[in-house]
Amino acid sequence: MRLHHFWFFLLILSILGAKVICHDPEDLQHENHPPGPPHGHWSYTDITEWDKVYPACGGKEQSPIDLNTQETRFEPSLKPITVSGYDVSSEERLKLKNNGHTVVLQLPDSLQITGGLANTYRAAQLHFHWGSLSSPGSEHTVNGKKFPGEIHVVHYSSSYKSLDEAVTQPGGLAVLAAFIQEGPEENDSYRHLLSYLENVKEAGQSTDIPGFDIRGLLPRQLDRYYRYNGSLTTPPCFQTVNWTIFNQTVFLSEDQLSILEDTIHHDDDHILQMNFREPQSLNGRLVLSSFRAPVSGRKAPGGALAPSSSAPDSADGSSNHSEQEAPGAQTFGTGELLAIIFGVLFVVTALSFFIYVRQNRKRNHRSSDKKSNVIYKAATAEDNMA
Ligand SMILES: [Zn+2]
């Protein structure tokens, strides 16, 4: 009897475990935006109203967009993105601010994009978009898939004196974007930045933090990316952005991701979550890729942006490997791997349970046979006696 209980316990545990891990965060992605009054002039609770105050938000070249990997065009002239000055000395201080919509790190204009665009672009700031503990919150999507978060490093063209001057000019801005995903290991480059989020918990708060290697916040590979013309994803939505979205994703540990998702407030007692805009219509725009268009039907290695596809060139598999990525994450996500482990555990447990039950039944059967034999003999004896 006790063994029965043990097997049942294991069985239930396996089923529960598999259920928890197989849960698809996509199911929850359309949760409501955070409650509370709008912050400043606009908020994520009234996205549909943005164009009433900021007409550009209703334009035909808006961002973000869904990156449909079947419809992007390989453009061999797109050279690898190169940056300079990204390793900021710890002597320098960078301003980190909670502006009520996101957390922004101001960057000195000594950080530059020096390759991969027609012009040199100077950095202005970087910020993040995220969802919640249970729901992804990237702005761009890949074949409809949303990632847990997204980093935007905003630059302005060196043809202009300042960000303010460039922001209204076509091609005035260049944003480097990367998706943020959950990985098994802590990301060293993000540790520094995330450790200061507590200091800017409330909207309007800011703090000066020591410089660090900003390059580490981006994926290792900067040569494989998507490129299109779009807009700021927040009001005033100016359509002046040259977008670069890297194919390789950035990995944060579960704890690091939850710090990003669950620390910043947008007003008193309200955590700032789901600070993203949904993908906008392409309206005939072409999305270019710096690498060969993925072929459908095959699974891309982890960290690549083509969830159901893989680039045909042989370099793809190895070049997609990121230092933030665990070896297992190349072919399976952590969730998938755990689901398989629980699946196997379930089958083994179920089999053991049924074997046990069968053997027990046989034993009971044999012993009851003996008993019935005894009874039968006794009865016979009685009959005989009678
Ligand atoms: Zn952004």
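The structure we're discussing is the one just above.
Model, not experiment: these values are computed from the prediction.

## Focus: the overall build of the chain
Turning to step 1, where the next piece is worked out: When helices and strands are counted, the chain shows seven helices and 20 strands.
Turning to step 2, where the next piece is worked out: Looking at the chain as a whole, 46% of its 386 residues qualify as buried.

## Quick notes on helix 5 (residues 254-261)
Turning to step 1, where the next piece is worked out: By the burial criterion, the buried members of helix 5 are Gln 256, Leu 257, Leu 260 and Glu 261. Summarising the axial view, the buried residues of helix 5 lie within an arc of 135 degrees, below the 170-degree limit, and thus occupy one face. Residues Glu 254 and Asp 255 are exposed on helix 5 and point more than 90 degrees away from its buried face.
Turning to step 2, where the next piece is worked out: Contacts made by the buried residues of helix 5 are with strand 7 (121-130), strand 11 (173-182), helix 4 (188-194), strand 15 (250-252) and strand 17 (270-271).

## Regarding the state of the cysteines
Turning to step 1, where the next piece is worked out: Applying the stated rule across the entire model yields one disulfide.
Turning to step 2, where the next piece is worked out: What pairs with Cys 57 in a disulfide is Cys 237, and their sulfur atoms sit 2.1 Å apart. Sign of the S-S torsion, about 85 degrees for the bond between Cys 57 and Cys 237, identifies this disulfide as right-handed. Of the two residues, Cys 57 sits in the loop between helix 2 (50-53) and strand 1 (66-67) while Cys 237 sits in the loop between strand 13 (225-230) and strand 14 (241-246), which places them 180 residues apart along the sequence.
Turning to step 3, where the next piece is worked out: You can call Cys 57 buried: its relative accessible area is 7%.

## Notes on the pairing of strand 6 (residues 112-115)
Turning to step 1, where the next piece is worked out: Pairing of strand 3 (residues 82-84) with strand 6 involves three bridges; the strand directions are antiparallel. Across the sheet, residue Val 83 finds its bridge partner in strand 6, namely Ile 113.
Turning to step 2, where the next piece is worked out: Here strand 6 folds back onto strand 7 in antiparallel fashion, the turn holding five residues, of which Gly 116 has a positive phi close to 100 degrees.

## Observations regarding unusual backbone geometry
Turning to step 1, where the next piece is worked out: Between Ser 63 and Pro 64 the backbone carries a cis peptide bond, its omega angle lying at 0 degrees.
Turning to step 2, where the next piece is worked out: By the secondary structure assignment, Pro 64 is in the loop between helix 2 and strand 1.
Turning to step 3, where the next piece is worked out: Unlike most non-glycine residues, Cys 237 shows phi in positive territory, near 60 degrees.
Turning to step 4, where the next piece is worked out: Residues other than glycine seldom take positive phi values, yet Met 274 does so here, at roughly 55 degrees.
Turning to step 5, where the next piece is worked out: Along the chain, the position of Met 274 falls in the loop between strand 17 and strand 18 (288-289).
Turning to step 6, where the next piece is worked out: According to the relative accessible area criterion, Met 274 is buried, its value standing at 2%.

## Focus on the nonpolar core
Turning to step 1, where the next piece is worked out: Counting 44 residues, the largest nonpolar core has Leu 105, Phe 128 and Ile 214 as the members making the most contacts within it.
Turning to step 2, where the next piece is worked out: When residues of this core are traced back to their parent elements, those giving at least two are strand 4 (93-98), strand 5 (103-106), strand 7, strand 10 (149-157), strand 11, helix 4, strand 15 and helix 5.
Turning to step 3, where the next piece is worked out: The greatest single-element share of this core, amounting to five residues, is contributed by strand 7.

## As for the side chain of Ser 231
Turning to step 1, where the next piece is worked out: Among the secondary structure elements, Ser 231 is positioned in the loop between strand 13 and strand 14.
Turning to step 2, where the next piece is worked out: On the basis of relative accessible area, Ser 231 is assigned to the buried category, the value being 0%.
Turning to step 3, where the next piece is worked out: Residues contacting Ser 231, with those up to four places away along its chain left out, are Glu 61, Gln 62, Ser 63, Cys 237, Phe 238, Gln 239, Thr 240, Val 241, Trp 243 and Arg 277.

## Overview of the pairing of strand 7
Remark: a regular strand shows side chains that alternate across the two faces of the sheet.
Turning to step 1, where the next piece is worked out: Of all ten residues in strand 7, nine are buried; the element is thus mostly enclosed.
Turning to step 2, where the next piece is worked out: Here strand 5 pairs with strand 7 via three bridges, running antiparallel. Note that in strand 7 the partner of Leu 105 across the bridge is Leu 126.
Turning to step 3, where the next piece is worked out: Bridge count for strand 6 against strand 7 is two bridges, and the pairing is antiparallel. Following the sheet pairing, Gln 112 is matched in strand 7 by Arg 122.

Definitions and cut-offs
- Residues numbered from 1 in each chain as written.
- Predicted model: local features only at pLDDT ≥ 70, side-chain atom pairs only at ≥ 80, totals over all residues.
- Heavy atoms only, no water.
- Helix = DSSP H or I, 4+ residues; strand = E, 2+ residues; numbered from the N terminus.
- Buried < 20%, exposed > 50% of the residue type's maximum accessible area, 1.4 Å probe, protein only.
- Arc of directions from axis to C-beta.
- Contact = heavy atoms within 4.5 Å.
- Disulfide = S-S within 2.5 Å.
- Pairing = 2+ DSSP bridges.
- Core = buried A, V, L, I, M, F, W, Y, C linked by side-chain atoms within 4.5 Å.

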